[in-house]
Amino acid sequence: MQIFMYLFLLILVPDFIYDAKVTKHDMLYQINEIRSQGCKCGRKKMPAVSRLSWSTALEDSAMRHARDMKKHDYFSHYSRNGKSVGDRLDALGYNWQHIGENIATGQINFTQVLEDWMDSQTHCEMIMNKDMREMGISRVGNYWVQHFGTEMKK
C-alpha cells in the first residue's frame, strides 16, 4: 500500500511543491554551472565566464521590485515612478559599476524561470555577461526578479 501512495504522490503533486526547497545556494549553483560551461544564447555562442557570488543587496533590490510589481499588478523593468534598476540600486546605496536585471512572470518554479530566461537571447546574454560579479534573485508570487551587479572598486 505504501508504494501505491508514493506513486500517487509522485504523479499528483505538482513540481512547484518540490521547488519550494530550492535555496539561494541552489539557484546560484545552477547559474554558475551555466556560466562555467558556456552556452548558446539564441544563435550566439557564449564562452565560459567567471562564477558569480550571492549579494544580499541585489537580492533585497530584486525583492523590492518583485513586491512592487505584484502589489500594483504591473510587469516592467521600470518601477511605476519610472525608476530603472540603476536608480533603485542607487537608492539602496549599491555603488555599482555594472548592473543588469532579468524579470519574468507566470513561472511556478525556478526550473521554469531559468529555462525561460535561457530560451530568451537577451536574458541568456545577461546571465552570461562577463562583467557581472554578483547576483540576487527574488520571487514574490509568480513575479521573478534577478539582479546582477559589479560594485565599483574602492
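Refer to the structure presented above.
**Overview of the sheet that holds strand 4 (residues 96-105)**
Next, step 1: Pairing in this open sheet of four strands is mixed, and the strands run 3-5-6-4 from one edge to the other. With partners counted over all chains shown, the strands left at the sheet margins are strand 3 (53-54) and strand 4, one partner each.
Next, step 2: Contacts between helix 4 (residues 56-72) and the sheet are confined to strand 3, strand 4, strand 5 (134-140) and strand 6 (143-151), with strand 5 contributing the most and set at about 30° to the helix.

**What to know about the side chain of His65**
Next, step 1: Relative to the elements of secondary structure, His65 occurs in helix 4.
Next, step 2: Judged by its relative accessible area of 2%, His65 is buried.
Next, step 3: Aside from chain neighbours lying at most four places away, what touches His65 is Tyr74, Ser76, His77, Tyr78, Ser79, Arg88, Glu101, Ile103 and Val145.

**Things to note about the side chain of Asn102**
Next, step 1: If you trace the backbone, Asn102 turns up in strand 4.
Next, step 2: A distance of 3.3 Å separates a polar atom in the side chain of Asn102 from the backbone oxygen of His123.

**Observations concerning the pairing of strand 5**
Next, step 1: With six of seven residues buried, strand 5 lies mostly within the body of the structure.
Next, step 2: Note that strand 3 and strand 5 share two bridges and pair parallel. From the neighbouring strand, Trp54 faces strand 5, where its bridge partner is Met135.
Next, step 3: Pairing geometry for strand 5 and strand 6, over seven bridges, is antiparallel. By the bridge assignment, Val140 is partnered in strand 6 with Tyr143.
Next, step 4: Taking the residues between adjacent antiparallel strands as the criterion, strand 5 and strand 6 are bridged by two residues, where Gly141 takes a positive phi near 60°.

**Re helix 3 (residues 24-37)**
Next, step 1: The terminal C-alpha atoms of helix 3, which comprises 14 residues, lie 20 Å apart, in line with the 20 Å expected from a rise of 1.5 Å per residue.
Next, step 2: Of the residues making up helix 3, those classed as buried are Met27, Leu28, Ile31, Asn32, Ile34 and Arg35. End-on view of helix 3: buried residues confined to an arc of 155°, all on one side of the axis. Residues of helix 3 that are exposed and point more than 90 degrees away from the buried face comprise His25 and Gln37.

**Describing the pattern of salt bridges**
Next, step 1: Counted under the stated rule, the structure contains six salt bridges.
Next, step 2: A salt bridge links Asp60 to Arg64; its shortest N-O distance comes to 3.0 Å. Linking Asp60 with Arg64, this pair stays in helix 4, spanning four residues, or about one helical turn.
Next, step 3: Judged by relative accessible area, which is 30%, Asp60 ranks as partly exposed.
Next, step 4: Classification of Arg64 as partly exposed rests on a relative accessible area of 48%.
Next, step 5: Here Lys130 ties to Asp131 by a salt bridge, and the two come within 3.3 Å at their closest N and O atoms.

Cut-offs and rules
- Residues numbered from 1 in each chain as written.
- Predicted model: local features only at pLDDT ≥ 70, side-chain atom pairs only at ≥ 80, totals over all residues.
- Heavy atoms only, no water.
- Pairing = 2+ DSSP bridges.
- Helix = DSSP H or I, 4+ residues; strand = E, 2+ residues; numbered from the N terminus.
- Contact = heavy atoms within 4.5 Å.
- Axes fitted to C-alpha atoms, helices over the stretch in contact; angles between N-to-C directions.
- Buried < 20%, exposed > 50% of the residue type's maximum accessible area, 1.4 Å probe, protein only.
- Polar contact = N/O pair within 3.5 Å; in protein donor to acceptor, adjacent residues only side chain to side chain.
- Expected span 1.5 Å × (residues − 1).
- Arc of directions from axis to C-beta.
- Salt bridge = Lys/Arg side-chain N within 4 Å of Asp/Glu carboxyl O.

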